[in-house]
Amino acid sequence: MVVLDLLPSEMFMQARQSIGNEDSDVALVITAGCPYSGWEALLPGLIESGFNSSDEPFSDWLDEIYAAAGVTDWVNPVQSLKPNDVIERKATALFKRRYNAPLLWADNRNLWLLDFLASFIPDARFLLFNARAEYALGCAIERELDPNQYIESWCKASTVLTGFYRRNRHRTLLLDVEQSLNAPQALSNACQRIGVALKSNTSFVSVAPESLVLERMLAQRFLSGNQVVRSLQMELDASTYPLGEPVIEALPQPTDLYRSYLQLKNVIQKLTRECAGQEELAEKNQLLYKESQRFRYQADSEIKEIRRENENLVIQLDQMQEELKASFLTIQEMEQIGKEGIEEKQKLQSRIEHLDKELDDRAKLLKKRDLEQQQLQSRIEHLDKELGDSAELLAERAIDQQQLQVKMSALEQKLDEQAKLIDGDRVQEETNRQSKQQENADVRRLEKERELLLQQLQKMEEELEHYFLQYTELVKENEAKQQEKQEPDPESAQVSAAVVSKEAPTRKFTNPFGRTNKLQKRENAQIELLKKSGLFDEAWYLSQYSDVKAAGIDPVRHYLRYGSSEGRNPSREFDTKFYLERNSDVAMAGINPLLHYIRFGRDEGRLPSKR
């Protein structure tokens, strides 16, 4: 247990005396409890009963204390806390304020400052709420907290609550959370014991027990056999002020568990369909993007080729113009020379006409190239539009399926990277393959979790059948004893003596709870798996356990339903008790050890027996 160093300094002692003399009529009620145990549900009802809620300065003051001490995990502090001089002066001003009505200061962090607050504020009253370990752990599991770490936190908080209550009984009231939620009027009456008068109010907000059925069942598994928790629970019960009869939660019905299983199954199927739809859409978009990139690359190549040809044509036209100018000058010189240059002039004129015709042909070719370039540009714009429409469709689908938004964003980012790095297609394909493998691994993990849940449900049903069979056997034994008292029959006495043996009582296979067809099929499949595994020796099992052989029960079905929980071995090669003791996770999950070894344990390298 962590002990906090909260002894007040000399400045605190002076401030406490000034507060006690000037503001003795101020009623401050400090509330605390085990964090995340559900006690916060009482706060709305307390506020409606006549309290003023604490304002923001109290929370800021606590923030400064924890920040100054460098404590980040306030649920399990690992170092001493002591306010510095600045925080002490702020506390003196904060607790001297006056209020028109009793002030309720509720904060989870008050739990670790109770001794300090009790010494610094002599007139304060304390309402402390404890939650039973099973109820508190159920609330923590519902908030997805780690069960083992939370059990340690609950033990620390419970020790603080009981210790503070014993030191400050005259102004402290320790109450049970569930009793307070179910009996608000009794809570109001109990507050008068520490001088706090509340209005009668029955509008407390409570958490429906049905919403924590599965969480409480898991909590029972985690707390089973924990002597430390049991001892602390007894201390809490002894210190808690009773508000009524203890709250006894009934065991959940198999029908309710089956409904929860169906709801979980529907959610898994929905997520699977959504993943498949998103994957198909991503593949289509990837193909469309690759096709557009191929067309874009081809079009860019053709455009570059056309531009090079156009540049060559322009250069040739320039050369022709220079030749025409030179030819024209030559003609003028020939005319000046005289009649001797007439023939040469005609030749030059013919060459000029030929060059003009060639120039016209080049102009037509250039025009044709421009038209082809426009067509390619139009095709590129059409592909860009199709790519934009595909991106819009992908964005709309991402809005409807928010759970896959992160994956879709990653895919869009990869598409943008492909647009910039055309040569990195192989790297992108490898990345997509790994992403797909990760998605497949997630699906397999969900299937494995669903399998474990189904096995736990089947185990619970078998335990309920076991209790029912025990009850039936007791009723039959009572009826037989009554008949023996009324009519002693030698034959019945012989039958009763034959039934009694040193072996464990053999169970008859009845169907008192109406096992569903689906679970029956699942059980038959598991029996078939055990028979084919080679690890179940039916003849050996019947020779070792004569009660099973005498009852004429299928040995595989008997081991699947009852034998594993009774510590019986299916063959010489597999030791049930050794496997459960060696693998605590299998024992806590309530899975048949031989089934777990066949499906998972053998591949994971787990040992079936000491040999």
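Keep in mind that this is a model prediction, so the values were computed, not measured.

Asker: Which parts of the structure should I look at to understand the state of the cysteines?
Answerer: Should the sulfur atoms of two cysteines be covalently bonded, the bond is a disulfide. Enumeration over the complete set of coordinates arrives at zero disulfides. Cysteine cysteine 139 shares no disulfide, and the gap to the nearest cysteine sulfur, in cysteine 34, comes to 9.9 Å. By relative accessible area, cysteine 139 is classed as buried at 7%. Here cysteine 155 stays free of any disulfide, with the sulfur of cysteine 34 as its closest cysteine sulfur at 9.1 Å.

Asker: Just to check I follow, could you spell out the packing of aromatic side chains for this structure?
Answerer: Inspection of the entire model under this criterion finds 12 aromatic pairs. On the basis of an interplanar angle of 15° and a centroid distance of 5.6 Å, the ring pair of phenylalanine 116 and phenylalanine 120 is categorised as stacked. Residue phenylalanine 116 and its partner phenylalanine 120 are both found in helix 5 (residues 114-120); the two are separated by four residues, about one turn of the helix. Centroid distance phenylalanine 536 to tyrosine 541: 5.3 Å. Interplanar angle 35°. Geometry classified as tilted. For the pair shown, phenylalanine 536 and tyrosine 541 are each scored as buried. Ring-pair connections join several aromatic residues into one group, and the members of that group are Trp61, Trp105, Phe116 and Phe120. Over the face of the ring belonging to tyrosine 545 we find arginine 568, whose NZ or CZ atom lies 4.8 Å from the ring centre.

Asker: In this structure, what is going on with the nonpolar core? I would like to understand it.
Answerer: Considering soluble globular proteins, one finds that nonpolar side chains tend to be buried as a cluster. Counting 73 residues, the largest nonpolar core has Trp61, Phe95, Trp105, Leu117, Phe126, Phe129 and Trp154 as its most contacted members. Top element by residues in this core is helix 7 (residues 147-167). It accounts for nine residues. Setting aside anything within four residues of it in sequence, one finds tryptophan 61 in contact with Ile87, Lys90, Ala91, Leu94, Phe95, Trp105, Phe116 and Leu117. Listed in part, the 20 residues of the second largest apolar core include Tyr541, Val548, Tyr559 and Phe574.

Asker: What's the story with helix 9 (residues 184-191) in this structure? I'm lost.
Answerer: The α-helix advances 3.6 residues per turn, and as a result positions three or four apart in sequence lie on the same side. Looking at helix 9, one finds that the buried residues are Pro184, Leu187, Ser188, Ala190 and Cys191. Taken end-on, helix 9 shows its buried residues confined to a sector of 165°, consistent with a single buried face. The inward-facing, buried residues of helix 9 abut helix 2 (43-48), strand 4 (125-130), strand 5 (172-176) and helix 8 (177-182).

Asker: Sorry if this is basic, but what is going on with the packing of helix 7 against helix 11 (residues 227-239) here?
Answerer: Between two packed helices, both the angle of their axes relative to each other and the distance between the axes serve to describe the pair. Interhelical geometry of helix 7 versus helix 11 gives an angle of 30° and a closest axis separation of 10 Å. If you check the angle between helix 7 and helix 11, you find them roughly parallel. Once helix 7 is placed against helix 11, the crossing between them reads as left-handed. Packed against helix 7, whose contacting residues are Ile151, Trp154, Cys155, Ser158, Thr159, Thr162, Tyr165 and Arg166, the element helix 11 presents Val228, Val229, Leu232, Gln233, Glu235, Leu236 and Ser239 at the interface. Of the residues belonging to the contact of helix 7 with helix 11, the class tally is eight nonpolar, five polar and two charged.

Procedures and definitions
- Residues numbered from 1 in each chain as written.
- Predicted model: local features only at pLDDT ≥ 70, side-chain atom pairs only at ≥ 80, totals over all residues.
- Heavy atoms only, no water.
- Disulfide = S-S within 2.5 Å.
- Buried < 20%, exposed > 50% of the residue type's maximum accessible area, 1.4 Å probe, protein only.
- Phe/Tyr/Trp six-rings, centres within 6.5 Å; stacked < 30°, edge-to-face > 60°.
- Helix = DSSP H or I, 4+ residues; strand = E, 2+ residues; numbered from the N terminus.
- Lys NZ or Arg CZ within 6 Å of the ring centre and 35° of its normal.
- Core = buried A, V, L, I, M, F, W, Y, C linked by side-chain atoms within 4.5 Å.
- Contact = heavy atoms within 4.5 Å.
- Arc of directions from axis to C-beta.
- Axes fitted to C-alpha atoms, helices over the stretch in contact; angles between N-to-C directions.
- Parallel < 35°, antiparallel > 145°, perpendicular 65-115°, else oblique.
- Left-handed = near helix turned anticlockwise from the far one by under 90°.
- Nonpolar A, V, L, I, M, F, W, Y, C, P; charged D, E, K, R; others polar.

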